[in-house]
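So the chains spell out like this:
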Amino acid sequence: MKVLVLGGDGFCGWPTSLHLSDIGHDVIVVDNLSRRAIDLELEVESLTPIRPMGERVAVWKELTGKEIGFVNLDLAKEYDRFEQLLRTERPDAIVHFGEQRAAPYSMRSSAAKRYTVDNNVSGTHNVLAAVVATGLDIALVHLGTMGVYGYGWSGSAPIPEGYLTVKVPTPDGDLEREILHPANPGSVYHMTKTLDQLLFAFYAKNDKLRITDLHQGIVWGTQTPQTALDERLINRFDYDGDYGTVLNRFLMQAAIGHPLTVHGTGGQTRAFIHIRDTVRCIQIALENPPVAGEQVKVFNQVTETYRVRNLANLISSLTGVEVANLPNPRQEAAENDLNVEREQFVKLGLNPTLLSDGLLEESRDVAQKYRDRADTSKIIARSTWRQGMETSPDLVTK
Ligand code: NAD
Ligand code: USQ
């Protein structure tokens, strides 16, 4: 099938584009390279030396003979160009990764909050409006987040895959209804994902668009079989306080001997998935779209849950690097349990990659290889959820 990968230059989008191309799909990446621009703004670079998009697709063609198209386009600002692109290319499916995805970045200033809302909500709405305007039958797969559910709202009850069955009391007895799980975002970024959910619900109902929303956990790892084929195809590895996510940060910190930066007690429990499983899940979602008129299909794209301090202790025991308990720059529950339903992907053939499968070492080796590219002054998270919150000073690197 022909697939547009929106945000296909990013951490999840690039390996997904390669995977889909590898299995025979006709892939076109649409990306405005805003993530690379934010690196310049933050004066930080991916730990791995990612190549420009033009070189990436040229190397892929050189190695495999397969072509990946690239269109530099801003989804939030260039609606007409995007609609025209759909009319010209007539894709069978769209995978939508193209949003500002860092919670700390979304909280760092009024400008970053407004940018995140404008970019994510307008971009997603433009995609939906353009699909309707063209009248094409395009299945949309969107990357959402586990963070739409919030943490601890329903105690230890399992988080369902998108929908919750509730009982509404009436004089004639209880009515059973299925509703979208209540939204409980913990950052402006996560809030944009809860707004996306409403846009999807409306367009699935009103225009019978076929939409799948993947509520993905924190992605860890770097390489997939395709990105590992040649150093020029290497995937991005974010380690800085805004874009680096917790497990990859700990692996990078261990590789350079930096104390592991646990926020608070580390009692936060979060959901995780390896990048190799992300690309498989996207493939599965593309192969199992909803039919027209069906409600938005929601999958929890998660393979394991871990408490942050347990991850830190695991990596510390493997590497001997000490654990530092730092003031938490975020406003979040200090301790929470997380029980997530995740049967759908497994039933459809996902064979989960677990932390115990030996890939922790692979990611640490990648970090070790590029350790000289690390700027240790960028490691501590300095974006706070409210003014006046404390952050840690830089920690000395051994
Ligand atoms: P990323 O920042 O590496 O990639 C996003 C890509 O989208 C970038 O290449 C960026 O340039 C592009 N983009 C952003 N706004 C755009 C616009 N207006 N027009 C065109 N392109 C635009 O992020 P990622 O880690 O690859 O995440 C991809 C998606 O998956 C995001 O939507 C994110 O919310 C979701 N997700 C990521 C994780 C994770 O741990 N990385 C976890 C759960 C969900
Ligand atoms: N944390 C630490 N130390 C660190 C970094 C983070 O203790 O050095 C803690 C945070 O305080 C938080 C948890 O680890 O409690 C997770 O933080 P994170 O930065 O790894 O993940 P998060 O901000 O939730 O965002 C990431 C992606 C986002 C995606 C989300 C999935 O950036 O795009 O939506 O994971 S989820 O968490 O399931 O909502």
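The notes below deal with the structure included here.

What counts as what
Residues numbered from 1 in each chain as written. Chains lettered and ligands numbered in written order. Predicted model: local features only at pLDDT ≥ 70, side-chain atom pairs only at ≥ 80, totals over all residues. Heavy atoms only, no water. Salt bridge = Lys/Arg side-chain N within 4 Å of Asp/Glu carboxyl O. Helix = DSSP H or I, 4+ residues; strand = E, 2+ residues; numbered from the N terminus. Buried < 20%, exposed > 50% of the residue type's maximum accessible area, 1.4 Å probe, protein only. Near = heavy atom within 4 Å. Polar contact = N/O pair within 3.5 Å; in protein donor to acceptor, adjacent residues only side chain to side chain. Areas by Shrake-Rupley, 256 points an atom, 1.4 Å probe, with all protein chains shown as cover. Pairing = 2+ DSSP bridges. Axes fitted to C-alpha atoms, helices over the stretch in contact; angles between N-to-C directions.

**Examining the pattern of salt bridges**
With the rule as written, the count across this model stands at 25 salt bridges. A salt bridge links Arg-232 to Glu-62, with the nearest nitrogen and oxygen atoms 3.2 Å apart. Of the two residues, Arg-232 sits in the loop between strand 9 (218–220) and helix 8 (246–256) while Glu-62 sits in helix 3 (residues 53–64), which places them 170 residues apart along the sequence. Residue Glu-176 is joined to Lys-167 by a salt bridge in which the shortest nitrogen-to-oxygen separation is 3.9 Å. Here Glu-176 and Lys-167 have matching classes, each one exposed. Several salt bridges share partner residues, and in doing so they unite Arg-35, Asp-39, Arg-101, Arg-236 and Asp-238 into one network.

**Notes on the site of ligand 1**
Within the structure, ligand 1 sits among 28 residues, and Cys-12, Asp-31, Asn-119, Tyr-189 and Lys-193 are positioned closest to it. Taking Asp-31, its side chain carries an N or O atom lying 2.6 Å from an oxygen atom of ligand 1. Relative to its unbound accessible area of 820 Å², ligand 1 is 97% covered by the protein chains. Breaking the shell around ligand 1 down by element, the ones donating at least two residues are helix 2 (34–42), strand 5 (139–145), helix 7 (188–206) and strand 9.

**A short note on the sheet that holds strand 12 (residues 297–301)**
Pairing is parallel across the open sheet formed by 7 strands, whose spatial order is 3-2-1-4-5-8-12. Each of the sheet's edge strands pairs with one partner strand only, and the pair in question is strand 3 (68–71) and strand 12. Across this sheet, the average inter-strand angle for adjacent strands is 20 degrees, counted without regard to direction. Inspection of the sheet shows strand 4 (residues 93–96) paired to strand 5 by 4 bridges, in the parallel sense.

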